[in-house]
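# Residue-level structural notes
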Amino acid sequence: MCSAGGSSNTSGAGGEKSDGRGGEAQGEESGNGQSLGPEEYTRLARDGIQLMLNNRFTEAEELFRHHTQDNLHMAMGHCYLTFMNAVMSFEEEKVNHSMETLRSMERRCGGGENGWFSSVKSIVMGTRNGQEQEEEPGSQLEQQVILADCQVLLAILTFLQQEIGSYVKGGWVLRKAWKVYEHAYTKVKRMYKQTFGEVQDVPATPTGEYPASLHTSTDELQSPGSWSVGSTGVPGPAVDCPESCNHPSASSPSTSTLGLRLPLSKSVPNLKGFLNSNHKQQPKKPLPPDMVSRLMASVSFGYGLFQLCMSLLPPSLLRLVHILGLQGDRLAGLSALMFTRKSHDMRAPLATLTLLWYHTIVRPFFALDGSKVRAGVEAAHLLLQEAQQNYAQSALFLFFRGRVCRLQGDIPAALMSYRGALQVSSQRELQLLALHEVAWCHLLQLNWSHAQGAFANLKKESRWSKSFYAYISAVCLGASGRLEDCAQGMEEVPALVRRSSHALESFLMRRAMKSRGDIISKNYCLLRAYELLYLWNALSSCSMQHRLLMVEECQAMGQCGDQEGLRQLIIAAILDTLGSTGDAVEHFRLSVQQGLLNSDELCVPAFALYELGLLLGASDETLDEGRKCLEDVRDNYHGYDFENRLNVRIHAALKNLP
């Protein structure tokens, strides 16, 4: 196992080299009796994160706990650790412990005092410690970033609890976090440019940025809430759609300065700018360059993650996103995360993990690059190469290495990486994720018996997706010819569905109810198995030999009645991956025609028309027809399985057309 600190191992107190466990840093003092400085704590926090990512959770927790009361960075590192423990195991005790830790941190950063009130109080009455601002320049900005980080993690845990009202509550917490992020990001980025100049590598500005007329000379001192919604209540710019920015500019300086466009409770932060503007005769000492750089990296992580996630929401949710005052720009988000990744902040390895998640899971799953599932492989490979020195045996990085191999179609190498992650991980949920990928690798190889056994085991062990594992296990039984066992397995699925309104479980319920014993056949189950490979955008990861075998089997089935549209869709999708564009177009057209005859599975013609639009839109001669196909799906197909997922793809495809 590589050293947790790698080349960036911190120097402990007194200049001694740290072993990554904080042995040299006892309490608040170093070996020479002096307190650790901000930079030492920053490096120590990153060491703790590295220990955590290198499967050494116990040592990381000991390190963070030892310094939780001494330094905000160490306390936030402990919050990240409890959060990872919570989402990996999702045991009630660990979730509650993480939420309490985050709330405590939120109160420590002033979040318990309604944010704006705490800020105004610190200006009018001074800080809690009269020398705090002088002793720790930039501490208020650091607290804002940490406060927003805590709110995001709390929102995620709130969403995962899936209780009544959790989504509304979580959405409101996210809105609060976004306002803090954007305020801090705008201010720190300006400070960064003033310190290092325009030539420095800074994160990209969102393409959907608001008009410059809204940014007055006191903009850096105002809360983004004062300009996130227009005077008429018109939503802000559409996510990833700069051309749709119709946000009204302030009609006069007075309306912007006095905050009359929003209720008083949202315009109060402007008081902070007003008060500070009257004290310009007391200039503040510029922050040290290394602190400015660290602040830029810290705020870029949360800001970039927000931008990226918001840009992935389906169009049906965009209006709600705008009403909440949120914004999403994918390129700006990726740019911010790349900036953090190259820093020495403790969030740097977390930014790398986020980028790996985007390139190896999000891009292929949402088909952001069409059928080119390998589009993000090169970027992910470079990220993994860079992380090799410090995280060669990290279960998480082994997991993502397996994802890269799987996307490249190298299933044996993928299985080796996943099994390596299983061996070194002590986190149950991460082990289950690796098992999930192992099962899918068997499915990609059309090894029905091995895949069925793995999915059946996941159905027993996993706390989540039991209905999905039951369904796919039953499909594999039928594809291997065990039809009676398949029918029994299908009967289990409805009882395991927890939320029939959920997109995936609604799909599973309909498929299971339709898969009655009198219609189950090997061909039917083969089509259902291939359907899963198509819907999860995994056909390209199958070897050419297996793809040719699937086409051969589908063609040998002949007419399949209600499933003819699905059969044609699978043939077309595989031919597309093999480069037979002309034949693929013909079969996609047949899939649309045949699929419309089966009103119970409207997703088949919808996906076929989408695929047809992509192929036709790639040629100048058929560009207009391709655009019409995409617009037809968007405007005229509703209520089918995975509608939101397909709408995200359509939204991205239309944007990429000339």
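Quick summary incoming for the structure in this document. All values reported here derive from a predicted model rather than from experimental measurement.

Criteria and cut-off values
Residues numbered from 1 in each chain as written. Predicted model: local features only at pLDDT ≥ 70, side-chain atom pairs only at ≥ 80, totals over all residues. Heavy atoms only, no water. Helix = DSSP H or I, 4+ residues; strand = E, 2+ residues; numbered from the N terminus. Buried < 20%, exposed > 50% of the residue type's maximum accessible area, 1.4 Å probe, protein only. Contact = heavy atoms within 4.5 Å. Areas by Shrake-Rupley, 256 points an atom, 1.4 Å probe, with all protein chains shown as cover. Axes fitted to C-alpha atoms, helices over the stretch in contact; angles between N-to-C directions. Parallel < 35°, antiparallel > 145°, perpendicular 65-115°, else oblique. Left-handed = near helix turned anticlockwise from the far one by under 90°. Nonpolar A, V, L, I, M, F, W, Y, C, P; charged D, E, K, R; others polar. Disulfide = S-S within 2.5 Å. Expected span 1.5 Å × (residues − 1). Salt bridge = Lys/Arg side-chain N within 4 Å of Asp/Glu carboxyl O. Phe/Tyr/Trp six-rings, centres within 6.5 Å; stacked < 30°, edge-to-face > 60°.

### Topic: the overall build of the protein
A count of helices and strands for the protein gives 30 helices and 0 strands. A buried classification covers 56% of the 658 residues belonging to the protein. Of the contacts formed within the protein by residues at least 6 apart in sequence, a portion of 67% connects residues at least 24 apart. Surface accessibility of the protein: about 28500 Å² in total, with carbon and sulfur atoms responsible for 52%.

### Focus on the packing of helix H17 (residues 395-407) against helix H19 (residues 428-444)
At a closest axis distance of 11 Å, the pairing of H17 and H19 adopts a crossing angle of 15 degrees. Looking at the two axes, H17 sits roughly parallel to H19. By crossing handedness, the relation of H17 to H19 is classed as left-handed. Contact residues: Ala395, Leu396, Phe399, Arg403 and Arg406 in H17; Leu430, Leu433, Ala434, Glu437, Trp440 and Leu444 in H19. Per-class residue counts for the contact of H17 with H19 are 8 nonpolar, no polar and 3 charged.

### Some details on the state of the cysteines
A complete count under the given rule lists 0 disulfides for this structure. Here Cys476 stays free of any disulfide, with the sulfur of Cys525 as its closest cysteine sulfur at 9.5 Å. A relative accessible area of 0% means that Cys476 is categorised as buried. Among the cysteines around Cys486, which has no disulfide bond, Cys525 carries the closest sulfur, lying 3.7 Å off.

### Overview of helix H26 (residues 564-577)
For H26, built from 14 residues, the straight-helix expectation of 20 Å at 1.5 Å per residue is met to within 8% by its first-to-last C-alpha distance of 20 Å. Counting buried positions along H26 yields 13 of 14 residues, so the element is predominantly enclosed. Once H26 ends, the next one or two residues include Gly579, with phi positive near 90 degrees.

### Overview of the pattern of salt bridges
Evaluation of the coordinates by the stated rule reveals 24 salt bridges. Among the salt bridges present, the one from Glu625 reaches Arg589, with a minimum N-O distance of 3.1 Å. Separated by 36 residues along the polypeptide, Glu625 in helix H29 (residues 623-636) and Arg589 in helix H27 (residues 581-595) bring together distant segments of the chain. Since its relative accessible area comes to 33%, Glu625 is described here as partly exposed. In this structure, a network of salt bridges that share partners links the residues Arg510, Arg511, Lys514, Arg528, Glu531, Glu601 and Asp641.

### Observations regarding the environment of Cys560
Take Cys560: it is sitting in the loop between helix H25 (544-557) and H26. Apart from residues no more than four positions distant in its own chain, Cys560 is found in contact with Leu527 and Arg567.

### Re the environment of Gly558
With respect to the helices and strands, the residue Gly558 is situated in the loop between H25 and H26. Sequence-distant contacts of Gly558, that is, excluding residues within four places in its chain, are made with Glu564 and Arg567.

### What about the packing of aromatic side chains?
Both the distance between ring centres and the angle between the ring planes are used here to describe each pair of aromatic rings. By the definition in use, this model includes 19 aromatic pairs. Ring centres of Trp178 and Phe306 lie 5.4 Å apart, and the angle between their planes is 55 degrees; this geometry places the pair in the tilted category. One end of the pair, Trp178, is in helix H8 (residues 166-196); the other, Phe306, is in helix H12 (residues 289-311), and 128 residues separate them in sequence. Residues Trp178 and Phe306 agree in their burial class; the two are buried. Here Phe507 and Phe642 contribute two aromatic rings whose centre-to-centre distance is 5.0 Å and whose plane-to-plane angle is 45 degrees, an arrangement assigned as tilted. In this pair, Phe507 sits in helix H23 (residues 503-514) while Phe642 sits in the loop between H29 and helix H30 (643-656), placing the two residues 135 residues apart along the sequence. Like Phe642, Phe507 is buried.

### Description of the packing of helix H1 (residues 38-53) against helix H15 (residues 348-365)
For the pair H1 and H15, the least separation of the axes is 9 Å and the interaxial angle reads 40 degrees. What the angle tells us is that H1 and H15 run oblique. Side by side, H1 and H15 meet where Arg46, Ile49 and Leu53 of the first sit next to Ala348, Pro349, Leu350 and Leu353 of the second. Here the contact of H1 with H15 is built from residues that sort into 6 nonpolar, no polar and 1 charged.

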